[in-house]
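Notes for the structure review
Below, each chain spelled out in residue letters.
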Amino acid sequence: MIKIGIINVSDRASAGVYEDIPGKAIVSTLNEYLTSQWEPVYRVIPDEQHLISQALVEMADRENCCLVVTCGGTGPAPRDVTPEATEAVCHKMMPGFGELMRQVSLQYVPTAILSRQTAGIRGKTLIVNLPGKPSAIRQCLDAVFPAIPYCIDLIGGPFLEANETVIKVFRPKS
């Protein structure tokens with residue numbers, strides 16, 4: 001079974017102050033995109049760098065997730081530390097993901113330049129940081145997901161198949 005990690009980084013959601021809507025938005029979007037059978041590995045954790053890094057390592061190294069998608073903690077506020085946690089555990093950074101997400105988000109809000117989303121690779125796992133707002137999550141995933149299955153191919157992960165009527169993924173012609 002293909003495993004995909006979803007981590008909502010939120011002090012308030014992890015404390016039960018409000019519902020975990022962003023994490024559920026990621027699951028819903030991936031269910032629309034993917035025709036491959038997959039299983040979510042799901043966490044809601046506070047904005048603590050060591051806890052975020054620990055969850056990323058656990059999902060990559062022990063759970064063998066081919067993809068880990070985080071939401072939240074990518075802004076400039078003092079407690080926004082998801083990119084730092086991601087960079088601390090990745091072997092290779094993939095800055096193009098963050099560049100594209102900011103470019104797309106700028107079409108909707110001028111504050112997209114404040115976002116610090118990034119992506120990186122740990123072993124055979126691609127880690128992608130998304131913003132925390134559900135509408136921005138969908139906009140960003142729509143932008144970057146076409147490259148995700150091929151990236152996972154290149155790092156030795158499973159072959160992800162997508163519903164081409166919902167999202168068109170790119171793989172070079174053989």
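Above this text sits the structure in question.
Structure report, in brief. Keep in mind it's a predicted model, so treat the numbers as computed, not measured.

When its secondary structure is counted, the chain shows seven helices and six strands. For the chain, the C-alpha radius of gyration of 15 Å lies close to 16 Å, the compact-globule estimate for 174 residues. Considered along the principal axes of its C-alpha atoms, the chain spans approximately 45 × 40 × 30 Å. When burial is assessed residue by residue, the chain has 49% of its 174 residues classed as buried. For the chain, the exposed surface amounts to about 8300 Å²; the carbon and sulfur share of it is 56%. Between the centroid of the 16 positive side chains of the chain and the centroid of its 18 negative side chains there is a distance of 3 Å.

What follows covers the pairing of strand S6 (residues 125-130). Across the six residues of S6, six count as buried, placing the element largely inside the fold. In S6, alternate side chains face the same way, and those of Thr 125, Ile 127 and Asn 129 on one face and Leu 126, Val 128 and Leu 130 on the other are all buried. With five bridges joining them, strand S3 (residues 67-71) and S6 adopt parallel strand pairing. Each bridged residue has a counterpart across the sheet, and for Val 69 the counterpart in S6 is Val 128. In terms of strand pairing, strand S5 (residues 119-122) meets S6 through four bridges, oriented antiparallel. For Arg 122, the partnering residue across the bridge sits in S6 and is Thr 125. Adjacent in sequence and paired antiparallel, S5 and S6 are bridged by two residues, among which Gly 123 carries a positive phi angle near 60°.

On to the sheet that holds S5. Strand pairing within a sheet occurs via backbone hydrogen bonds; the two strands may be parallel or antiparallel. Read from one edge of the open sheet, six strands run S2-S1-S3-S6-S5-S4, paired in mixed fashion. With partners counted over all chains shown, the strands left at the sheet margins are strand S2 (38-45) and strand S4 (92-93), one partner each. Where strand S1 (residues 2-9) lies against S3, five bridges are found, and the strand directions are parallel. Residue pairing in the sheet places Ile 6 in a bridge with Val 69 of S3. Across the sheet, helix H3 (residues 49-62) touches S1, S2, S3, S5 and S6, and the angle it forms with S2 is around 165°. Each of S4, S5 and S6 is contacted by helix H5 (residues 95-105), which is oriented at about 30° to S6, the strand it contacts most.

Moving on to a nonpolar patch on the surface. There is a patch of nonpolar side chains on the surface, built from Leu 106, Ile 113 and Leu 114 and spanning about 290 Å² of accessible area. Topologically, Leu 114 is positioned in the loop between H5 and S5.

Between side chains of opposite charge, a pair can form when the charged atoms approach closely. A complete count under the given rule lists ten salt bridges for this structure. A salt bridge links Arg 43 to Glu 58, with the nearest nitrogen and oxygen atoms 2.4 Å apart. Here Glu 58 lies in helix H3 and Arg 43 lies in strand S2, a separation of 15 residues in the sequence. With a relative accessible area of 24%, Arg 43 lands in the partly exposed category. Two residues, Asp 153 and Arg 171, come together in a salt bridge whose shortest N-O distance is 2.5 Å. Placement of the pair is Asp 153 in helix H7 (residues 148-154) and Arg 171 in the segment after H7, with a sequence separation of 18 residues. Because the salt bridges share partners, they merge into one network encompassing Asp 11, Glu 48 and Arg 79.

Conventions and cut-offs
- Residues numbered from 1 in each chain as written.
- Predicted model: local features only at pLDDT ≥ 70, side-chain atom pairs only at ≥ 80, totals over all residues.
- Heavy atoms only, no water.
- Helix = DSSP H or I, 4+ residues; strand = E, 2+ residues; numbered from the N terminus.
- Rg over C-alpha atoms; globule rule 2.2 N^0.38 Å.
- Buried < 20%, exposed > 50% of the residue type's maximum accessible area, 1.4 Å probe, protein only.
- Areas by Shrake-Rupley, 256 points an atom, 1.4 Å probe, with all protein chains shown as cover.
- Lys, Arg positive; Asp, Glu negative; His and termini not counted.
- Charge placed at Lys NZ, Arg CZ, Asp CG, Glu CD.
- Pairing = 2+ DSSP bridges.
- Contact = heavy atoms within 4.5 Å.
- Axes fitted to C-alpha atoms, helices over the stretch in contact; angles between N-to-C directions.
- Patch = residues over 30% accessible without salt bridge, like charges linked within 9 Å, V, L, I, M, F, W, Y side chains within 5 Å.
- Salt bridge = Lys/Arg side-chain N within 4 Å of Asp/Glu carboxyl O.

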